[in-house]
Amino acid sequence: MSNVDITAPRTSLIGCDGVSVSYGHGPSLVTALHAVELLVEPGERLALWGRSGSGKTTLLHVLGGLVVPNEGRVMWKTSELSSLDAAARGRRRAEGIAYVFQGSNLLSHFTAFENVAFATLLGVKRDGGRAPRPRTHSPEDLLELVGLSSKLDALPGELSGGEAQRVAIARALAQSPELLLCDEPTGHLDSDTAERVLDLLDGLHRELSFALVTATHDAGVAARAERVIELSDGRVIGESSP
Ligand SMILES: Nc1ncnc2c1ncn2[C@@H]1O[C@H](COP(=O)(O)OP(=O)(O)OP(=O)(O)O)[C@@H](O)[C@H]1O
Ligand SMILES: [Mg+2]
């Protein structure tokens, strides 16, 4: 049974109520999430922790509005994300939710600067109006924040894995997100570079006060969060505060 009333007056940024997600059908049906309950508060630092296949990416996709659950609801502030059509969900995302994908997913024919600059256009209306949230940093500022002022004109193929990941973080921050979703942000990095990327995320989280949800199989990465939600076979099986 649901133990979270996501419609009650509250301050939560985003919430899942009884969220189930299945892929495929018939004999190939996979239930990736079973009746997941979750609330994320503004500015909170949360980790989704679990083994490979436990449902972390699926849950991040649900939070980001990229996957619509088969059952249950997702509330973004006061609106129900799961009831919106794809275009409306896209607008909501552009208004406040940014994503750092597993692997950095940069546009390979565009420079670091251009990759970040494009993201500052997200949410800009066709009539030239701006998105409701002001963009507080220029692309140059953001790349300086992640320590890449010297790489503005580099193409993704000319960057190391850690540098590309930092461009992806700068690109996500270009949206001035209220919620930043990071999927295994250090999955492909050596341990020193991973530490630097995680320190960077911690610092940016403190400075810019977005809510940060990180999916990871790594207990050390999860332990940096204020709250760790443990997933197993698509179920939330535990919660702890490191
Ligand atoms: N597009 C898809 N089609 C079919 N099954 C899928 C799809 N995406 C995920 N799954 C299945 O759903 C389950 C959860 O996958 P998910 O990617 O959410 O796990 P994860 O915890 O992120 O794993 P990893 O740590 O390997 O990234 C797995 O059993 C996976 O095989
Ligand atoms: Mg995953």
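Rules and cut-offs
Residues numbered from 1 in each chain as written. Chains lettered and ligands numbered in written order. Predicted model: local features only at pLDDT ≥ 70, side-chain atom pairs only at ≥ 80, totals over all residues. Heavy atoms only, no water. Patch = residues over 30% accessible without salt bridge, like charges linked within 9 Å, V, L, I, M, F, W, Y side chains within 5 Å. Areas by Shrake-Rupley, 256 points an atom, 1.4 Å probe, with all protein chains shown as cover. Salt bridge = Lys/Arg side-chain N within 4 Å of Asp/Glu carboxyl O. Helix = DSSP H or I, 4+ residues; strand = E, 2+ residues; numbered from the N terminus. Near = heavy atom within 4 Å. Polar contact = N/O pair within 3.5 Å; in protein donor to acceptor, adjacent residues only side chain to side chain. Nonpolar A, V, L, I, M, F, W, Y, C, P; charged D, E, K, R; others polar. Core = buried A, V, L, I, M, F, W, Y, C linked by side-chain atoms within 4.5 Å. Buried < 20%, exposed > 50% of the residue type's maximum accessible area, 1.4 Å probe, protein only. Contact = heavy atoms within 4.5 Å. Phe/Tyr/Trp six-rings, centres within 6.5 Å; stacked < 30°, edge-to-face > 60°.

**Q** I would appreciate a short explanation of a nonpolar patch on the surface in the present structure.
**A** Residues L107, F110, F118 and L121 make up a contiguous nonpolar surface patch of roughly 340 Å² in combined accessible area. By the element assignment, L107 lies in the loop between β6 (97–100) and α3 (112–120).

**Q** Would you mind showing me how to read the site of ligand 1 here?
**A** If you check the shell around ligand 1, you find 13 residues, and the closest are S52, G53, K56, T57 and T58. K56 places a side-chain nitrogen or oxygen 2.7 Å from an oxygen atom of ligand 1. The contact in question runs from an oxygen atom of ligand 1 to an N or O atom on the side chain of T58, over 2.6 Å. Contact with the protein chains removes 61% of the 640 Å² of surface that ligand 1 exposes when unbound. Mapped onto the shell around ligand 1, the elements with two or more residues apiece are β2 (30–40) and α1 (56–63). For the shell around ligand 1, the per-class residue count stands at three nonpolar, seven polar and three charged.

**Q** How do you make sense of the nonpolar core when you look at a structure like this?
**A** Soluble globular proteins: nonpolar side chains tend toward being buried together. By size, the foremost hydrophobic cluster in this structure holds 30 residues, and its most contacted members are L143, V146, V167, I169 and L180. Broken down by secondary-structure element, the contributors of at least two residues to this core are β6, α3, α4 (139–145), α5 (161–173), β7 (179–183) and α6 (191–208). With seven residues, α5 is the single largest residue contributor to this core. Sequence-distant contacts of I169, that is, excluding residues within four places in its chain, are made with V100, V146, V197, L200, L201 and L204.

**Q** Honestly, the packing of aromatic side chains in this entry has me stumped. Any pointers?
**A** The description of an aromatic ring pair uses the distance of the two centres, along with the angle that the planes make with each other. Per the stated rule, a full pass over the model turns up two aromatic pairs. Relative to F101, the ring of Y99 has its centre 4.3 Å away and its plane inclined at 15°; by these criteria the two rings are stacked. Centre to centre, the rings of F110 and F118 are 5.0 Å apart; their planes meet at 80°, and the pair counts as edge-to-face. Overall, the relative accessible area of 35% leaves F118 in the partly exposed class.

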